[in-house]
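In case you want the letters, here they are:
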Amino acid sequence: MAGVLEPITFTLKVDDETKDLIIPKEFIKDFDFHGEHLMIYVRVTGPDTGKVTEFFEDTIDESFQIETTKNNGETISDEFILTSIYQDEGPPISVDIDSEPPMVRAMLDFKKK
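Not measured: the values here are computed from a predicted model.

Draft legend 1. Representation of the pattern of salt bridges within the structure. Evaluation of the coordinates by the stated rule reveals five salt bridges. Lys 70 is the partner of Glu 74 in a salt bridge, and the nearest nitrogen-oxygen pair spans 3.4 Å. Given a relative accessible area of 36%, Glu 74 falls into the partly exposed group. For Lys 70, a relative accessible area of 15% puts it in the buried group. Measuring nitrogen to oxygen at the nearest pair gives 3.6 Å for the salt bridge that ties Lys 113 to Glu 79. Here Glu 79 lies in strand 6 (residues 75–90) and Lys 113 lies in the segment after strand 7 (103–112), a separation of 34 residues in the sequence.

Shown next, in the form of structure tokens:
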């Protein structure tokens, strides 16, 4: 169970530029927020997989504004620091005619700022 009622919005400030990434709740596979720790597991399929990979590239120790609503109605809107990330892309490229759509999985660990 994903644990969210709406998409998750990630906002990252780089220099004077603000970048946003919105991940629909259908792609959120797990959302766990306890105390100061937030873990989010996403699995994005389709043509937008590259956006997820590029958005989080080289962002360890960066500060993100994260906004969503948990299943219990609690609103999350706070700053978090990305402490670790695991990403993998798949399925592997093949010569099959009926190949699966592109996919990226990301496990994101944050601590509250």
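After that view of the structure, there is still more to cover.
Draft legend 2. Here's a closer look at helix 1 (residues 49–56). The complete set of buried residues in helix 1 reads Thr 49, Val 52, Phe 55 and Phe 56. Looking straight down helix 1, one finds its buried side chains confined to an arc of 135 degrees; they lie on one side. Residues of helix 1 that are buried in the fold lie against strand 1 (8–14), strand 2 (17–23), strand 4 (37–45), strand 5 (63–69), strand 6 and strand 7. Immediately beyond the C-terminal end of helix 1, within one or two residues, lies Asp 58, with a positive phi of roughly 55 degrees.

Draft legend 3. Fine view of the nonpolar core. Ranked by size, the top nonpolar core spans 25 residues in total, and within it Phe 10, Phe 31, Ile 40, Phe 56, Phe 64 and Phe 110 carry the most contacts. Those elements that provide at least two residues to this core are strand 1, strand 2, strand 3 (28–34), strand 4, helix 1, strand 5, strand 6 and strand 7.

Draft legend 4. Layout of the packing of aromatic side chains. Tallying each qualifying case throughout the model produces eight aromatic pairs. Aromatic pair Phe 10 and Phe 56: ring centres 5.2 Å apart, planes at 90 degrees, arrangement edge-to-face. Of this pair, Phe 10 sits in strand 1 while Phe 56 is found in helix 1, placing the two residues 46 residues apart along the sequence. Phe 56 matches Phe 10 in its accessibility class, with the two residues each being buried. Among the aromatic residues, those joined into a ring-pair cluster are Phe 10, Phe 33, Phe 55, Phe 56, Phe 64, Phe 80 and Phe 110.

Cut-offs applied
- Residues numbered from 1 in each chain as written.
- Predicted model: local features only at pLDDT ≥ 70, side-chain atom pairs only at ≥ 80, totals over all residues.
- Heavy atoms only, no water.
- Salt bridge = Lys/Arg side-chain N within 4 Å of Asp/Glu carboxyl O.
- Buried < 20%, exposed > 50% of the residue type's maximum accessible area, 1.4 Å probe, protein only.
- Helix = DSSP H or I, 4+ residues; strand = E, 2+ residues; numbered from the N terminus.
- Arc of directions from axis to C-beta.
- Contact = heavy atoms within 4.5 Å.
- Core = buried A, V, L, I, M, F, W, Y, C linked by side-chain atoms within 4.5 Å.
- Phe/Tyr/Trp six-rings, centres within 6.5 Å; stacked < 30°, edge-to-face > 60°.

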